[in-house]
2 protein chains.
Amino acid sequence: MDFRLEDIDDAEVERRLSIVEPLTDAVRELVDAVIRTEVDDAELVAAREQIEAIVARLRAQQKDKGYGVSFTRDFTGMPWGNAATGARNAVAPPLRIKKVDGVTRADVVLGAAYEGPGGHVHGGIAALLLDQLVGETAAADHMPSFTGTLTVRYLRPTPLGPVTLEGRVTGTDGRKTFVHGELSDADGVTVEAEAIMIQPKHFPARDAIISTIAKLENERS
Amino acid sequence: MDFRLEDIDDAEVERRLSIVEPLTDAVRELVDAVIRTEVDDAELVAAREQIEAIVARLRAQQKDKGYGVSFTRDFTGMPWGNAATGARNAVAPPLRIKKVDGVTRADVVLGAAYEGPGGHVHGGIAALLLDQLVGETAAADHMPSFTGTLTVRYLRPTPLGPVTLEGRVTGTDGRKTFVHGELSDADGVTVEAEAIMIQPKHFPARDAIISTIAKLENERS
């Protein structure tokens, strides 16, 4: 898996985010506008041509594949291509999960791009956000936890608009962690999830980053 | 739910698609390019400004909320804002599901925008695609089926790239339909899903469309 060390400090992380986050937000607005626009066909064709020109300029220099996941030497993760949370990924709403006393929470507004049944959140988008939530709920000590089984129960349709997610660990068994997650609108829980998360026995990417950090520290001392 | 009749013929559906599909494809390319680009910050800022200008033009006239789901009078669905399949939604890969003898199948290439673990498909994206698949597998007679419970088992990580989905009904019990779905890469199944789908007792949106069609036919005869 593509996990790598990027040896930059927090200020540089913030500086890069200050450039890419507004860009990605603009693309999110574009995704939304293309769904909702009612301008005439000539305007749509003109928009397409302009977008294609921007794409060509951005592709002048680019990574071969996906963004991957990079870490600073103090293990600040930069999963900026992540489909649920990525700062560079306009597919992501993006979800911003905070963990306090082991409980994860996120508030997010789901607009036109996340529609399934007319006016409502796509059930699969609820599953996407809950999968990310249970992953971050189970993760600990810079060690990821991968979803083994995710069971999602849809209690009622979730209207497009603001939603809240909340997750907590309900038990552990060896390398397994059991997590409960919920998605709610203003009137209460609409979707709930139970997950069996699995911590990998070995995670070579993490080991590689740790040994690279040790080497860097060595060179500097 | 926002389901509505749009009284246009197949040729007009195709004509509209011929405009919006290339536009949405261009936005998909843009989403991908913003994730992968390595051009300098000045170029990123310039791209953002240009995108914001396009958004402003598209928003000159637009729907209030999500796209909703419209149908022609012969029940051709136009769920063009759908997060998994939508012809106007750049979040959607898009998934194009075909049903032959009750078995649903789709081939789709998942690029950088669908990443979770570095180089691999986000587990929640697999869940999104499988949720759409089981929904279309259970749907019949222009009657939708909503997901009650979706259980997703991750057998191994799915590399970014081409994948195949396949779904089939495994049983029914009153308004419940049981569906099995699979997501595979070239080496076999990577994710499998079991779903309990529920057909609504009443679906007022469908009834409303049917009565509108009847009224239209009446007026013309």
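Quick caveat, the model's predicted, so the values are computed rather than measured.

Attention now goes to the overall build of chain A. A count of helical and extended segments in chain A gives 4 helices and 9 strands. Along chain A, from the amino end to the carboxyl end, the secondary structure elements read β-α-α-β-β-β-β-α-β-β-β-β-α. Here the C-alpha coordinates of chain A stretch approximately 65 × 45 × 25 Å along the principal axes. Of all 221 residues assigned to chain A, the portion counted as buried reaches 54%. For chain A, the accessible surface area stands at approximately 9600 Å², while carbon and sulfur atoms represent 51% of it. Between the averaged position of the 25 positive side-chain charges in chain A and that of its 35 negative side-chain charges there is a distance of 6 Å.

With that settled, consider the packing of helix α1 (residues 10-36) of chain A against helix α2 (residues 41-58) of chain B. Interhelical geometry of α1(A) versus α2(B) gives an angle of 25 degrees and a closest axis separation of 9 Å. Comparing their axes, α2(B) and α1(A) come out roughly parallel. The handedness of the crossing between α1(A) and α2(B) comes out as left-handed. Seen from α1(A), the contacting residues are R15(A), I19(A), V20(A), P22(A), L23(A), A26(A), V27(A), E29(A), L30(A), A33(A) and V34(A); seen from α2(B), they are D41(B), L44(B), V45(B), A47(B), R48(B), I51(B), E52(B), I54(B), V55(B) and L58(B). A per-class count over the contact of α1(A) with α2(B) returns 16 nonpolar, no polar and 5 charged.

On to the sheet that holds strand β2 (residues 69-71) of chain A. All names here are of chain A. Reading across from one edge, β1-β2-β3 is the order of the 3 strands in this open sheet, with mixed pairing throughout. Looking at the sheet topology across the chains shown, the edges are occupied by β1 (3-5) and β3 (77-78). Sitting on the sheet, helix α4 (residues 204-220) touches β1 and β2, and the angle it makes with β1 is about 10 degrees.

With 18 residues, helix α2 (residues 41-58) of chain A should reach 26 Å at 1.5 Å per residue; the first-to-last C-alpha distance of 26 Å fits that figure. Considered for burial, the residues of α2(A) that qualify are L44(A), A46(A), A47(A), R48(A), I51(A), I54(A), V55(A) and L58(A). Against the buried residues of α2(A) lie α1 of chain A together with α1 (10-36) and α2 of chain B.

Here we take up the environment of Q50(B). Relative to the helices and strands, Q50(B) resides in helix α2. Not counting residues up to four positions away in its chain, the partners in contact with Q50(B) are I54(A) and R57(A).

Residues and elements named next belong to chain A. Under the domain assignment used here, chain A contains domain 1 (1-94) and domain 2 (96-221). Counting residues at the interface gives 23 residues for domain 1, matched by 22 residues for domain 2. Buried area between domain 1 and domain 2, both sides added, is near 1900 Å², and the carbon and sulfur share of it is 69%. Ranking the residues of domain 1 by area buried against domain 2 places R73, F75 and P93 at the top, with a combined share of 35%. On the surface where domain 1 and domain 2 come into contact, there are 1 salt bridge. Here domain 1 is connected to domain 2 by 3 residue pairs in polar contact (both at pLDDT 80 or more). Breaking the side of domain 1 that touches domain 2 down by element, the ones donating at least two residues are β1 and α1. If you tally residues by element for the side of domain 1 that touches domain 2, the top one is α1, at 5 residues. A per-class count over the side of domain 1 that touches domain 2 returns 15 nonpolar, 2 polar and 6 charged.

Residues and elements named next belong to chain A. Counted by the stated rule, this structure contains 36 salt bridges over all chains. A salt bridge links E21 to R96, with the shortest nitrogen-to-oxygen separation between them at 3.7 Å. Note that E21 is positioned in helix α1 and R96 in the loop between β3 and β4 (98-100), a separation of 75 residues in sequence. Using a relative accessible area of 30% as the deciding quantity, one classes E21 as partly exposed. When the shortest N-O distance is used, the salt bridge between E52 and R48 registers 3.3 Å.

Attention shifts here to the relation of the copies chain B and chain A. Taken as rigid bodies, chain B and chain A are interconverted by a rotation of 180 degrees and an axial shift of 0.0 Å, the fit giving an RMSD of 0.0 Å. Taken together, the rotation and translation describe the operation of a two-fold axis. Considering only C-alpha atoms, the part of chain B nearest the rotation axis is T151(B), at 2.1 Å. A symmetric contact is evident, with 100% of the interface residues of chain B recurring at the interface of chain A.

All names here are of chain B. Inspection of the secondary structure puts T158 in the loop between β6 (146-154) and β7 (161-173). Relative accessible area serves as the criterion here: at 5%, T158 is assigned to the buried category. In this structure the side chain of T158 is engaged in a polar contact, spanning 2.7 Å, whose partner is the side chain of T190. With residues near it in sequence (within four places) discarded, T158 still touches H120, V121, V163, L183, T190 and V191.

Right, let's talk about the side chain of T177(A) for a bit. Residues and elements named next belong to chain A. Relative to the helices and strands, T177 resides in strand β8 (residues 176-185). Exposure remark for T177: the relative accessible area of 12% places this residue in the buried category. Apart from the residues lying within four places of it in its own chain, the contact partners of T177 are A138, V169, G171, T172, A195, I196 and M197.

Cut-offs applied
Residues numbered from 1 in each chain as written. Chains lettered and ligands numbered in written order. Predicted model: local features only at pLDDT ≥ 70, side-chain atom pairs only at ≥ 80, totals over all residues. Heavy atoms only, no water. Helix = DSSP H or I, 4+ residues; strand = E, 2+ residues; numbered from the N terminus. Buried < 20%, exposed > 50% of the residue type's maximum accessible area, 1.4 Å probe, protein only. Areas by Shrake-Rupley, 256 points an atom, 1.4 Å probe, with all protein chains shown as cover. Lys, Arg positive; Asp, Glu negative; His and termini not counted. Charge placed at Lys NZ, Arg CZ, Asp CG, Glu CD. Axes fitted to C-alpha atoms, helices over the stretch in contact; angles between N-to-C directions. Parallel < 35°, antiparallel > 145°, perpendicular 65-115°, else oblique. Left-handed = near helix turned anticlockwise from the far one by under 90°. Contact = heavy atoms within 4.5 Å. Nonpolar A, V, L, I, M, F, W, Y, C, P; charged D, E, K, R; others polar. Pairing = 2+ DSSP bridges. Expected span 1.5 Å × (residues − 1). Domains from an automatic or database assignment. Buried area = accessible area lost by both parts, 1.4 Å probe. Salt bridge = Lys/Arg side-chain N within 4 Å of Asp/Glu carboxyl O. Polar contact = N/O pair within 3.5 Å; in protein donor to acceptor, adjacent residues only side chain to side chain. Least-squares fit on C-alpha atoms with pLDDT ≥ 70 in both.

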